[in-house]
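Each chain is listed here by its residues.
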Amino acid sequence: MTTIEVEDISAIKKKITFEVPETRVQDMIDQEYRELKKTVQIKGFRRGKVPLDILRSYFKDKVVADTTRKIIEETLEPGLDEKNIKPVSVAKIDPETLEVGKPFKFTAEIDVTPQLEVKDFKGLKLTKAVKKVTEEEIQERLDSLRERHARLSPVPEDRELREGDHIVVDVAAEAEGETITALTVNDYHMELGRNFYLPDFDSKLFGLKSGETRDVALNLPEDFPRKNLAGKEAKFKVTVTEAKERILPDLDDDFAKDLGKFETVDQLKEEIAKDIQELWENQTEMETRRQIVDQLLEKNEFEVPETLVEQRIDQMLSNSLQRLAAQGIDPKRLPMPTQSQRDQFRPEALRGVKAGVLMEAIGRQEGITVSDEQVEEAVREKAALFDMAPDYFKERLEEAGNMEDFREGLLEDQVYKFVEANAEITEQEPPVQETSEETTSEKE
């Protein structure tokens with residue numbers, strides 16, 4: 001029977017001493033030699049017939065090293081399970097020399113999450129902004145949807161160009177009697193008012209009509225690539241070869257039907273109101289949780305293993321790379337993050353780790369658990385968001401090794417709700433701010 005002694009070095013580090021009896025040491029050494037004898041070839045002996053004393057003279061160091069490694073591998077994890085220790089990481093393993101006829105000892109320093117007794121998590125004083133969706137917010141979303149679904153139609157011949165028109169132009173540019181090749185273009189597409197060609201250039205074209213030509217004078221930017229022309233006056237001959245205007249769709253039932261799942265404008269408005277309300281509630285929930293964590297951290301001081309913080313930083317960096325990949329940037333072409341860049345994430349990572357430890361501890365203290373039925377229900381809900389079959393979504397979680405994290409996330413949600421339910425909440429009007437330009441989800 002292996003003897004295990006546990007010493008608390010700190011709240012986040014333990015030193016564990018394992019003593020393996022000599023009988024097991026001998027059995028494992030003998031097993032190593034038996035396995036070695038089956039495969040080793042030494043001149044003068046047939047495979048499998050090499051005497052034990054010859055094997056010892058040739059392979060003693062190898063057998064001792066391999067046996068030491070195997071004993072540690074087969075003893076460490078079961079020993080931690082026996083003592084109900086969940087390691088964050090193994091900081092160091094220090095084995096003694098393995099000898100025949102003697103017990104074998106080794107020590108392991110283990111990083112663990114602190115076993116907190118969280119104080120004062122009931123009766124927190126929280127403020128929560130409560131709002132109702134306004135008609136102005138709904139109309140803003142509707143206007144944004146109409147803009148997104150606008151069509152381009154030729155500008156009437158007698159109408160002058162104005163901001164927002166989409167035009168195609170031929171431009172001949174020169175300065176000091178010399179053609180500016182970089183600015184001389186044909187069939188150049190532009191939206192008036194965006195000033196993508198040159199700063200303040202678009203306003204020079206207002207009032208033109210399709211098919212007309214205008215001479216324009218404009219000072220080139222001070223940072224113009226050709227230094228000899230930077231800041232100098234340039235002359236442009238601009239011919240409008242095509243002009244189109246954005247025509248917004250009428251806000252009627254046909255427009256609602258074109259978006260996919262709606263039969264009437266009223267149904268569309270209801271969906272928009274629902275989306276705005278859900279967005280606001282999500283923002284409010286995040287703010288409430290921020291208040292909870294802030295107050296609990298003020299009331300409870302504790303350390304967390306640096307390993308967990310580094311893992312959280314890795315995850316945050318990985319998420320950043322995924323966002324860049326979604327924008328079409330190949331993460332493999334980017335340099336590895338520097339230590340300075342990692343340190344920028346450290347305060348947020350440390351706070352996130354501590355928040356997780358707090359929620360886990362409160363859940364333990366209050367006996368809050370997540371049942372298999374709750375997990376299955378959450379899987380169905382999440383799968384529906386991604387338009388996946390629940391079984392398929394669950395398989396993906398299991399294959400990625402994320403099922404336990406999924407369950408822990410559900411538990412954390414329940415703990416936050418428990419703390420909030422036991423808090424003193426003051427409701428207030430939200431601060432006045434510009435309405436978000438987020439647009440409603442479209443099911444097309």
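Attention in this report is confined to the structure presented alongside it. (Residues numbered from 1 in each chain as written. Predicted model: local features only at pLDDT ≥ 70, side-chain atom pairs only at ≥ 80, totals over all residues. Heavy atoms only, no water.)

1. Remarks on a nonpolar patch on the surface
And then number 1: Taken together, the side chains of Leu 385, Phe 386, Met 388 and Tyr 392 define a hydrophobic patch exposed on the protein surface, amounting to about 440 Å² of accessible area.
And then number 2: With respect to the helices and strands, Tyr 392 occurs in helix H9 (residues 390-399).
And then number 3: Take Tyr 392: its relative accessible area is 42%, and that puts it in the partly exposed class. (Patch = residues over 30% accessible without salt bridge, like charges linked within 9 Å, V, L, I, M, F, W, Y side chains within 5 Å. Areas by Shrake-Rupley, 256 points an atom, 1.4 Å probe, with all protein chains shown as cover. Salt bridge = Lys/Arg side-chain N within 4 Å of Asp/Glu carboxyl O. Helix = DSSP H or I, 4+ residues; strand = E, 2+ residues; numbered from the N terminus. Buried < 20%, exposed > 50% of the residue type's maximum accessible area, 1.4 Å probe, protein only.)

2. Observations regarding the sheet that holds strand S2 (residues 13-20)
And then number 1: If you trace the four strands from one edge of the open sheet to the other, you get S1-S2-S4-S3, paired in antiparallel fashion. The strands lining the two open edges of the sheet, one partner per strand, are strand S1 (3-10) and strand S3 (87-95). Sheet twist, expressed as the mean angle between neighbouring strand axes with direction ignored, is 20 degrees.
And then number 2: Taken together, the eight bridges between S2 and strand S4 (residues 104-112) define a ladder with antiparallel strand orientation. (Pairing = 2+ DSSP bridges. Axes fitted to C-alpha atoms, helices over the stretch in contact; angles between N-to-C directions.)

3. Comments concerning the environment of Lys 227
And then number 1: Among the secondary structure elements, Lys 227 is positioned in the loop between strand S10 (213-219) and strand S11 (233-247).
And then number 2: In this structure Lys 227 comes out as exposed when scored by relative accessible area, which is 65%.

4. Quick look at helix H10 (residues 403-421)
And then number 1: Between its first and last C-alpha atoms H10 spans 27 Å; for 19 residues at 1.5 Å apiece the expected length is 27 Å, and the two agree.
And then number 2: Within H10 the residues assigned to the buried category are Met 403, Phe 406, Leu 410, Val 415, Tyr 416 and Val 419. (Expected span 1.5 Å × (residues − 1).)

5. Some points on unusual backbone geometry
And then number 1: Residue Asn 84 is not a glycine yet carries a positive backbone phi of 55 degrees.
And then number 2: Tracing the chain through its elements places Asn 84 in the loop between helix H2 (52-82) and S3.

6. Description of the packing of aromatic side chains
Centre distance and the angle of the planes are the two values used to describe a pair of aromatic rings.
And then number 1: Applying the stated criterion to the full structure yields nine aromatic pairs.
And then number 2: Between Tyr 58 and Phe 59, the ring centres sit 6.1 Å apart and the planes meet at 35 degrees, which makes this aromatic pair tilted.
And then number 3: Classification of Tyr 58 by relative accessible area gives exposed; the value is 53%.
And then number 4: Every member of this aromatic cluster is reached through a ring pair, and the members are Tyr 188, Tyr 197, Phe 201 and Phe 236.
And then number 5: For Arg 56, the ring lying beneath its charged end belongs to Tyr 33, and the centroid distance is 5.8 Å.
And then number 6: Lying across the ring of Tyr 392, Arg 396 places its NZ or CZ 4.3 Å from the centre. (Phe/Tyr/Trp six-rings, centres within 6.5 Å; stacked < 30°, edge-to-face > 60°. Lys NZ or Arg CZ within 6 Å of the ring centre and 35° of its normal.)

7. Here's the deal with a negative patch on the surface
And then number 1: A cluster of acidic residues, Asp 250, Asp 253, Asp 254, Asp 258, Glu 263, Asp 266 and Glu 270, forms a negative patch on the protein surface.
And then number 2: Broken down by secondary-structure element, the contributors of at least two residues to the negative patch are helix H4 (253-258) and helix H5 (265-299).
And then number 3: The element contributing the most residues to the negative patch is H4, with three residues.
And then number 4: Take Asp 250: it is sitting in the loop between S11 and H4.
And then number 5: With relative accessibility at 55%, the residue Asp 250 sits in the exposed group. (Lys, Arg positive; Asp, Glu negative; His and termini not counted. Charge placed at Lys NZ, Arg CZ, Asp CG, Glu CD.)

8. Re the nonpolar core
And then number 1: Judged by nonpolar contacts, the single largest core of 29 residues is most densely connected at Val 118, Ile 292, Leu 296, Met 359 and Ile 362.
And then number 2: Residue assignment for this core shows that the elements contributing at least two residues are H5, helix H6 (306-326), helix H7 (339-366) and H10.
And then number 3: Per-element tally for this core: the top contributor is H7, with eight residues.
And then number 4: The contacts of Val 118, once residues within four sequence positions are left out, are Leu 296, Asn 300, Leu 358, Ala 361, Ile 362 and Gln 365.
And then number 5: Membership of the second largest hydrophobic core comes to 27 residues, among which are Leu 161, Ile 180, Leu 198 and Leu 229. (Core = buried A, V, L, I, M, F, W, Y, C linked by side-chain atoms within 4.5 Å. Contact = heavy atoms within 4.5 Å.)

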